[in-house]
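# Report on the structure
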Amino acid sequence: MEFVDNALARRLESCEEMPQVYYSRIFKKTKPDVGAAEEEICGGHMTFAGLGSPIGRVTGAGFERPITADDLDRIEQFYRERKAPSQVDLTPMHRPETFEMFKARGYAIAELNNVLYRKLDPNEVFPEPPIGCLVRRSSADEAEITGSIVESAFFPDGAPEAFRGLITPLYQMENALAFVAISDGKPVACGTGLIIPEHKVFALCGAGTVAEYRGRGLQTALLRARMAAAAKAGCEYAVVVTQGGTTSQRNAERLGLRVAYSKVTVIKNL
């Protein structure tokens, strides 16, 4: 695997950064009541997409130059104005003094995630999907169906309000790729992703399978389909962010994605 230096890490982090930026921009138009916003900060972005939303933190910041106390003041003011906790992604590439600054300000760890990546080759030929399964591009009129599949995969008893309808905006993003797996004549699994052309990377996200169709290799087939499409679109890397030990990470590793580094999201209630 390629050595992960500061420049490559910056590219990989754009796979968390830019989807949040695009979500915020879409929510400004489609959900003006949530007060979505995004601003550049220290080479990255701070985003807000509503209270309680999983979208809305600082990503991609601190690679071009270190995050300063003044930057952190700006970040905290941005979230304070929106009555939201201040959350920032930090990686092993950030300097020790950066971590110390957040510690001194009273930040705690909210999440620990793994960033996995894989080199893409437009000439790579992937195996066919499992027998009896068709994998194809998903159209915008399937957004409600695929959204319900993803929500039920993560929240079998029903998704919280802030987590509902998060797949639909992906279909509105110019560089999104959405695929669906058809079995027994109906959509039973899906997988989405976003091309980040300025960094030539592809963010794998938004995947789920109907409970009774799990364990049939559908997510593996959807990963292959998305990576093949991303490679043909000019992406050099596929990237996914997961929690360690999850099925998502195991599926990704089976297809050659490897952990580049682990990162933390730190949080402070203002």
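Quick summary incoming for the structure in this document. (Residues numbered from 1 in each chain as written. Predicted model: local features only at pLDDT ≥ 70, side-chain atom pairs only at ≥ 80, totals over all residues. Heavy atoms only, no water.)

## Topic: the environment of Ala110
- With respect to the element layout, Ala110 can be found in strand β5 (residues 108–119).
- Judged by relative accessible area, Ala110 falls into the partly exposed class, the value being 40%.
- In this structure the C-alpha to C-alpha distance between Ala110 and Val88, which are 22 residues apart in sequence, comes to 9.6 Å. (Helix = DSSP H or I, 4+ residues; strand = E, 2+ residues; numbered from the N terminus. Buried < 20%, exposed > 50% of the residue type's maximum accessible area, 1.4 Å probe, protein only.)

## Structural notes on unusual backbone geometry
- With a phi close to 50°, Cys42 is a non-glycine residue in the positive phi region.
- Assignment of secondary structure puts Cys42 in the loop between β1 (37–41) and β2 (44–48).
- A positive phi angle, near 55°, is found at Asp184, a position not held by glycine.
- By secondary structure assignment, the location of Asp184 is in the loop between β7 (176–183) and β8 (186–196).

## Digging into helix α3 (residues 96–104)
- Burial in α3 covers these residues: Thr98, Met101 and Phe102. Axial view of α3: buried residues confined to an arc of 95°, hence all on one face. For α3, exposure combined with an orientation more than 90 degrees from the buried face picks out Pro96, Lys103 and Ala104.
- Tucked into the core, α3 has its buried residues touching α2 (69–81), β4 (86–90) and β11 (258–268).
- Directly after α3, the chain includes Gly106, whose backbone phi takes a positive value near 90°. (Arc of directions from axis to C-beta. Contact = heavy atoms within 4.5 Å.)

## Quick word on the side chain of Gln20
- Inspection of the secondary structure assignment puts Gln20 in helix α1 (residues 6–30).
- Note on Gln20: relative accessible area 5%, which makes it buried.
- Reaching out from Gln20, the side chain makes a polar contact with the backbone nitrogen of Gly56 at a distance of 2.7 Å.
- Here Gln20 is in contact with Thr47, Ile55, Gly56, Arg57 and Thr59, once residues within four sequence places are set aside. (Polar contact = N/O pair within 3.5 Å; in protein donor to acceptor, adjacent residues only side chain to side chain.)

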